[in-house]
Amino acid sequence: TPHSEPILHQINVPKSWYTIITTAPRRDPTLQTCVNSMRDAGWEPIVLSEPDSPLSDALTFHNPTRLGVWHNWLKSVRLALESDADVIMTVQDDSEFHPDSKDFAELCLWPATNCGFVSLYTPKHYTLRDDKLLRKLRKKDPNTSDTRPPGVNHIITRALWGACALVWPRVVLEHILQDPIIESWVGAVTRSRNPAIYEKRRENPHLIANSDTAIGKILNKYKYSMWFVDPSPVAHIAQYSAIGHGDNKGRRNAHRIANHTLPLLHQVPPPQVIYQIGPP
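This structure is a prediction, so every number in the text was calculated from the model and none was measured.

The number of helices and strands found in the protein is nine helices and ten strands. Buried residues in the protein amount to 51% of all 280 residues. Total accessible area computed for the protein in this model is approximately 13,900 Å², and 52% of it derives from carbon and sulfur atoms.

This part takes up helix α2 (residues 68-81). Owing to its 3.6 residues per turn, the α-helix aligns residues three or four sequence positions apart on the same side. Along its 14 residues, α2 runs 20 Å from first to last C-alpha, staying within 8% of the 20 Å computed at 1.5 Å per residue. Burial runs high along α2: ten of the 14 residues are buried.

With that settled, consider the packing of aromatic side chains. Under the criterion given, the structure shown has eight aromatic pairs. Both rings, one in Trp 17 and one in Trp 43, keep their centres 5.3 Å apart while their planes meet at 65°; by these two values the pair is edge-to-face. With a gap of 26 residues between them, Trp 17 in strand β1 (residues 17-23) and Trp 43 in the loop between α1 (31-41) and β2 (46-49) connect regions that are remote in the sequence. Here Trp 17 and Trp 43 have matching classes, each one buried. With a centroid separation of 6.1 Å and 50° between ring planes, the pair formed by Trp 73 and Trp 168 is classed as tilted. Placement of Trp 73 in helix α2 and of Trp 168 in strand β8 (residues 165-169) is noted, with a sequence separation of 95 residues between them. Of the two residues examined, Trp 73 and Trp 168, each falls in the buried class.

So, about the pattern of salt bridges. The final tally for this structure, using the stated rule, is ten salt bridges. Across the pair Arg 202 and Glu 199 runs a salt bridge whose closest N-O atoms are separated by 3.5 Å. Pair noted here: Arg 202 and Glu 199 are both in helix α8 (residues 195-203), with a separation of three residues, about one helical turn. Salt bridges linked by common partners bring Arg 26, Asp 93 and Asp 94 together as one network.

What follows concerns the packing of α2 against helix α9 (residues 211-221). Contact pair α2 / α9: the axes reach a minimum separation of 9 Å and the direction vectors enclose 55°. On the basis of their axis angle, the class for α2 and α9 is oblique. Residues Val 69, Trp 70 and Trp 73 of α2 touch α9, and the partners they reach there are Ser 211, Ala 214 and Ile 215. Split into classes, the residues belonging to the contact of α2 with α9 amount to five nonpolar, one polar and no charged.

The biggest cluster of nonpolar side chains holds 37 residues, and the ones touching the most others in it are Phe 117, Trp 168, Ile 215 and Leu 219. If you list the elements that add at least two residues to this core, you get β1, β2, α2, β8, α6 (170-176), α7 (181-184), α9 and β9 (225-230). The dominant element in this core, judged by the number of residues it contributes, is α2, at seven residues. By size, the runner-up hydrophobic cluster in this structure holds 36 residues, among which are Val 35, Cys 108, Ala 112 and Cys 115.

What follows is about the environment of Ile 197. Looking at the secondary structure, you find Ile 197 in helix α8. As for Ile 197 and Gly 187, which are separated by ten residues in sequence, their C-alpha atoms are 9.9 Å apart. Ile 197 has contacts with Thr 190 and Ser 192, leaving out every residue within four places of it along the chain.

Moving on, we get to the pairing of strand β7 (residues 151-155). Counted residue by residue, β7 has four buried out of five residues, so it is predominantly covered. By the bridge criterion, five bridges tie β7 to β9 in an arrangement that is antiparallel. Following the sheet pairing, Val 152 is matched in β9 by Val 229.

Criteria and cut-off values
- Residues numbered from 1 in each chain as written.
- Predicted model: local features only at pLDDT ≥ 70, side-chain atom pairs only at ≥ 80, totals over all residues.
- Heavy atoms only, no water.
- Helix = DSSP H or I, 4+ residues; strand = E, 2+ residues; numbered from the N terminus.
- Buried < 20%, exposed > 50% of the residue type's maximum accessible area, 1.4 Å probe, protein only.
- Areas by Shrake-Rupley, 256 points an atom, 1.4 Å probe, with all protein chains shown as cover.
- Expected span 1.5 Å × (residues − 1).
- Phe/Tyr/Trp six-rings, centres within 6.5 Å; stacked < 30°, edge-to-face > 60°.
- Salt bridge = Lys/Arg side-chain N within 4 Å of Asp/Glu carboxyl O.
- Axes fitted to C-alpha atoms, helices over the stretch in contact; angles between N-to-C directions.
- Parallel < 35°, antiparallel > 145°, perpendicular 65-115°, else oblique.
- Contact = heavy atoms within 4.5 Å.
- Nonpolar A, V, L, I, M, F, W, Y, C, P; charged D, E, K, R; others polar.
- Core = buried A, V, L, I, M, F, W, Y, C linked by side-chain atoms within 4.5 Å.
- Pairing = 2+ DSSP bridges.

In structure tokens, the structure reads:
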């Protein structure tokens, strides 16, 4: 049954979008599928490509040397900020979008005054309730579901996962790019905490990964909130990671993926209130 459409305060429909896909070599190229799905949704993406990456028919900037996950993402953001777009979406090349994704996203700009981003992709564990909270809720109601309700959910996490399709207010990206971690980030902490590993990454910046972890750290530092659309309009479609992180099963995919043959508004209720975010 379709959700009843709420009264929305359309006070910040964007003047323009800039959507950019980062791509790298992988065993099962998915870039053109990603591009096609974004076009079906109403975007015309730009591609930022690592050397020897698969090709697509989208406008592409080619890196002359390998930048790696972190620095490729940074370059994509800086390219986007050279435009006059007030909404920017950073995309990974193994994302496939529901055809209503753009129209729905524009109903979600923005769900909070401190919104850092709206993610059109929701990893499995952001759909499932925290075990501790679930036990507490089930003391009151034993039939409480182990999943959160569908919607644009505020997720509080110390370690962000799944930066497949993040929709950003321009002003937030402009702000976080000034943080010291942008230049000092050398990837997530390893179990061994061996200093030699970090030194190797500094000497070989293309080895620096975990962009989602860094993003989460910065947003938490400035108390920006993170919002995830569930069921997920984006499916994580690559079977093989471009950086050797395994397949797209378990926590590396969505628990609930929106049915791409049904209207998205019939599956996900948008926020009831939309807030303006702009320059201070």
